[in-house]
Structures are given as structure tokens and as C-alpha cells.
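Report on the structure
Listed below are the residues making up each chain.
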Amino acid sequence: MAEFVIPAPTPASVAVQDSPARFPVRRIFCVGRNYAEHAREFGNDPDKEPPFFFTKPADAVIDDGFTLPYPSATSDLHFEAELVVAIGKGGANITETSALSHVWGYAPGNDLTRRDLQAEAKAMKRPWDMSKGFDRSAPCGALVPVSVAGHPTDAVLTCTVNGAVKQKAKLSDMIWSVPAIIAFLSQRVELHAGDLIYTGTPAGVGPLQRGDSCEVSITGLGRVTTNIA
Ligand code: MN
């Protein structure tokens, strides 16, 4: 064990369904524009683009039921309902056919976004970090292990705000499937156990206000609720 000059931080982690043990989070990767209708709602052509990725800090994860103070530096906080893939076995240049053997489990997640800062970054051709990777920007429900849930391919992803449905899509509507995402990403970085991948959001993203309760659910995988204070 190395000695550290300051106390080493506690690893970020997410809950595991029906278990007191938690899943340690190493890194968070997110896929952009992975549902055709969502790509179109921001004026992009879903047929022309390979997947692209951005990241959030590992300690951006928050659990189900977290009360989030409205983030600083924005007046347009948005929800993005997504399937989260938890990597249990790392690797580089993973093939699509073996990709699912690297998955430990799945959860519903929310890729919270400062939409105004993202629009500004796009216009100025600057990075998205401050619009996507801010503190507590990654709500994640309890992971369901593959041994329990299998690999959900046709489950329904739903986002509600104060009970009103805002997003609803089948996971099969994803342009890039989970195996394709893992194969593509692992050609660019070596994946490691503990990595999370937020796999993109369908159409219908919108703002959250103070006092709102936002719930992302996936059939068979439970839910993650975030309250905005
Ligand atoms: Mn997203």
C-alpha cells in the first residue's frame, strides 16, 4: 500500500439492489445522441454519426432519493433518462460478440445537464465538461446484477417529472446497442471494472425546477428519483 501525503478519498460508489454491498465507481463515460428522435430534436442527423463520448467525474454519482440543491451557474437544468451499464471486467479492443460478458449489471440513471452552458460550449466549440460533469450530476439507481436481470434489450425507459411522463422509449430504440458501445469505447480507452457507461437519452428532454421530483425508471431495473431543492 502506498502512503499518501493527504488522506486518500473514499471511492465513489453506487448501491446494489438487495445488497448491503456497493459497487465502486472508477470512471463515468456517457454516450451522446444515441436515440434518433433525440438527435433530431437538437438538429443533428442520427444516420451520419458514429457514437461519441464525454465523461463525468466518478464522484458525480448520487443515489436514489437524493435531494439535489439546484446547481450553480445555470438557469436551465435538464433531465436525461438513460440506461446505465456497469462494467465488471475490463479490457481493450473488446469484440461486440464478447462485450456482454464484461457487464456486471444495469441501472436507471439520469444524465443531468446544464443545458444553457452546453449550448454556449457548442456555440464556442469548447468542451462540455462544465455542462455535463458538475457536482452530483449523475443520479444512478441501485444496480441490478446480470445474474438477476439478464441483459435488458427491449425494456421501457421512462422519465417522469412530478408524475407527468416526459420521456418514454424502448431500449431497442438505441442507435448503438450496449455491445456496440462497449466495443467502440474499448478501442479508444481500456475499460476497467468499476466503469459506468450512461448510454444516451431518448427524445423529450426538458427543464427541472426547484421543488420538482424527477424519476427515471426501466422495466425490470427499478427507478432513481432525484428531488430538486
Ligand atoms: Mn445524455
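Placed above this text is the structure.
A brief report on the enclosed structure follows. (Residues numbered from 1 in each chain as written. Predicted model: local features only at pLDDT ≥ 70, side-chain atom pairs only at ≥ 80, totals over all residues. Heavy atoms only, no water.)

**Some remarks on the coordination of the manganese ion**
As a reminder of what qualifies: Because water is not among the atoms used, a metal site may look incomplete, as its donors are only the N, O and S atoms within 2.8 Å, or 3.2 Å for Na, K and Ca. Using a 1.4 Å probe on the protein chains alone, a residue whose accessible area is under 20% of its type maximum counts as buried, one over 50% counts as exposed, and one in between counts as partly exposed.
Around the manganese ion, the donor atoms from the protein are Glu80 (OE), Glu82 (OE) and Asp111 (OD), and they sit 2.0 to 2.1 Å away. The motif formed by the donor residues of the manganese ion, counted along the single chain, is E-x1-E-x28-D. A relative accessible area of 4% places Glu80 in the buried class. According to the relative accessible area criterion, Glu82 is buried, its value standing at 0%.

**Notes on the environment of Phe134**
How we decide: Secondary structure follows DSSP: runs of H or I at least 4 residues long count as helices, runs of E at least 2 residues long count as strands, and numbering of each begins at the N terminus. Every residue pair with non-hydrogen atoms within 4.5 Å of one another is taken to be in contact.
On the secondary structure map, Phe134 appears in the loop between helix 3 (129–132) and strand 11 (138–139). In this structure Phe134 comes out as buried when scored by relative accessible area, which is 6%. Counting along the chain gives 78 residues from Phe134 to Lys56, while the straight-line C-alpha distance between them is 7.4 Å. Setting aside its immediate chain neighbours within four residues, Phe134 contacts Ala60, Pro71, Leu77, Leu112, Thr113, Arg114 and Asp129.

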